[in-house]
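Understanding the architecture of this molecule
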Amino acid sequence: MNATDPKTDLHFYLQSARDALVWKLEGLSEYDARRPLTPTGTNILGLVKHAAGVELGYLGDTFGRPSGEPLPWVEDGAEPNADMWATADESREFIVDLYRRAWAHADATIDALPLDTVGRVPWWPSGRDEVTLHHAVVRVIADTHRHAGHADIVRELVDGAVGMNKGNTSIPPGDSAWWENHRSRLERVAKEADRSA
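Below is a short write-up of the structure. (Residues numbered from 1 in each chain as written. Predicted model: local features only at pLDDT ≥ 70, side-chain atom pairs only at ≥ 80, totals over all residues. Heavy atoms only, no water.)

Running from N to C, helix α1 (residues 6–23) and helix α3 (residues 44–58) point in directions that differ by 150°, and their axes come no closer than 10 Å. Accordingly, the angle class assigned to the pair α1 and α3 is roughly antiparallel. At the point where α1 passes α3, the crossing takes the left-handed sense. Here L14, R18 and L21 of α1 lie close against α3, whose contacting residues are I44, L47, V48, A51 and E55. When grouped by side-chain class, the residues that make up the contact of α1 with α3 number 6 nonpolar, no polar and 2 charged. (Axes fitted to C-alpha atoms, helices over the stretch in contact; angles between N-to-C directions. Helix = DSSP H or I, 4+ residues; strand = E, 2+ residues; numbered from the N terminus. Parallel < 35°, antiparallel > 145°, perpendicular 65-115°, else oblique. Left-handed = near helix turned anticlockwise from the far one by under 90°. Contact = heavy atoms within 4.5 Å. Nonpolar A, V, L, I, M, F, W, Y, C, P; charged D, E, K, R; others polar.)

Okay, unusual backbone geometry next. If you check the backbone angles, N81 has positive phi at about 70° while not being a glycine. As for its position among the elements, N81 is in the loop between α3 and α4 (92–112). Residue classification places N81 among the partly exposed residues on the basis of a relative accessible area of 44%. (Buried < 20%, exposed > 50% of the residue type's maximum accessible area, 1.4 Å probe, protein only.)

All told, the structure shown has 4 aromatic pairs when counted by the stated rule. Clustering of aromatic rings is evident, with ring pairs tying together Y58, W123 and W124. Directly above the aromatic system of W73 lies the positively charged group of K49, at a separation of 4.3 Å from the ring centroid. (Phe/Tyr/Trp six-rings, centres within 6.5 Å; stacked < 30°, edge-to-face > 60°. Lys NZ or Arg CZ within 6 Å of the ring centre and 35° of its normal.)

Attention shifts here to the environment of P36. Along the chain, the position of P36 falls in the loop between α2 (30–34) and α3. Look at P36 and you get exposed, because its relative accessible area is 52%. Considering only alpha carbons, one finds P36 and A104, 68 residues apart in sequence, at a separation of 29 Å. Ignoring anything within four residues of it in the chain, the contact list for P36 reads G41, T42 and N43.

A few words now on the side chain of E90. Residue position: E90 is located in the loop between α3 and α4. Within the structure, E90 has its side chain in polar contact with the backbone nitrogen of T87 (distance 3.0 Å). Setting aside residues up to four positions removed in sequence, E90 forms contacts with R34, L45, K49, W73, W85 and I95. (Polar contact = N/O pair within 3.5 Å; in protein donor to acceptor, adjacent residues only side chain to side chain.)

Attention now moves to the pattern of salt bridges. Pairs can form between side chains of opposite charge once their charged atoms are near each other. Per the counting criterion, the structure on display carries 12 salt bridges. R18 is the salt-bridge partner of D107, the closest N and O atoms lying 3.1 Å from each other. With D107 in helix α4 and R18 in helix α1, this residue pair connects regions lying 89 residues apart in the sequence. Taking relative accessible area as the criterion, D107 reaches 15% and is therefore assigned buried. (Salt bridge = Lys/Arg side-chain N within 4 Å of Asp/Glu carboxyl O.)

Here we take up the nonpolar core. Counting 28 residues, the largest nonpolar core has L21, L25, I44, L45, V48, L98 and Y99 as its most contacted members. Where this core is concerned, the elements lending two or more residues are α1, α3, α4 and α5 (133–159). Counting residues per element, this core draws most heavily on α3, at 7 residues. Excluding residues that lie within four positions of it along the chain, L25 makes contacts with A33, I44, L45, V48, R92, V96 and R155. If you look at the next biggest cluster of nonpolar residues, it comprises 18 residues, including V54, Y58, W124 and A136. (Core = buried A, V, L, I, M, F, W, Y, C linked by side-chain atoms within 4.5 Å.)

Helix length check: α3, at 15 residues, gives a terminal C-alpha distance of 21 Å against a target of 21 Å (1.5 Å per residue), a fit within 8%. Most of α3 is tucked away: 15 of the 15 residues are buried. Here α3 starts with a cap whose side-chain oxygen sits 2.7 Å from the backbone nitrogen of G46, and that cap is N43. (Expected span 1.5 Å × (residues − 1).)

Note that every value here comes from positions in space, so none of it alone points to a role or purpose.
Shown next, in the form of structure tokens:
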């Protein structure tokens, strides 16, 4: 990584978030990829679908560079939250391929324009809709890392798998007994703190 080139730095962190998010799907059944595991329905494939739309919007449409990708789930009249889950007709391959096309389109925008280029976010209120490319890229990086974190938690709930990527679990080593003891200890501490509050 070349620390003197801001675009290189931004791209590195954006790509690491993209890779982490897609990796969370690896080895999952169709059911587990789509399975809602929070009260609001958070699921891994839906997070990938959402991230694709975010990139195409903020790093495409905002800068007058529409991708031409049809995204019916973000059009006027679409069902609320339709970008956060995949229908039975939207295969995992379709969603992941869409996301990879979104990466390529976003990367082309980043490569083509100076970071101080001003764009207009179509879904922001008029008069408060201007944003620089630099701001948009940072926003997309933050959003993608946030959703990669969501995917990490959902994946842990599905089968216990955790980490940023295959080579980096980001957690201390421990077998299942160690983790159960650790979790039990945290539960005891939480109850103790609650009683003394």
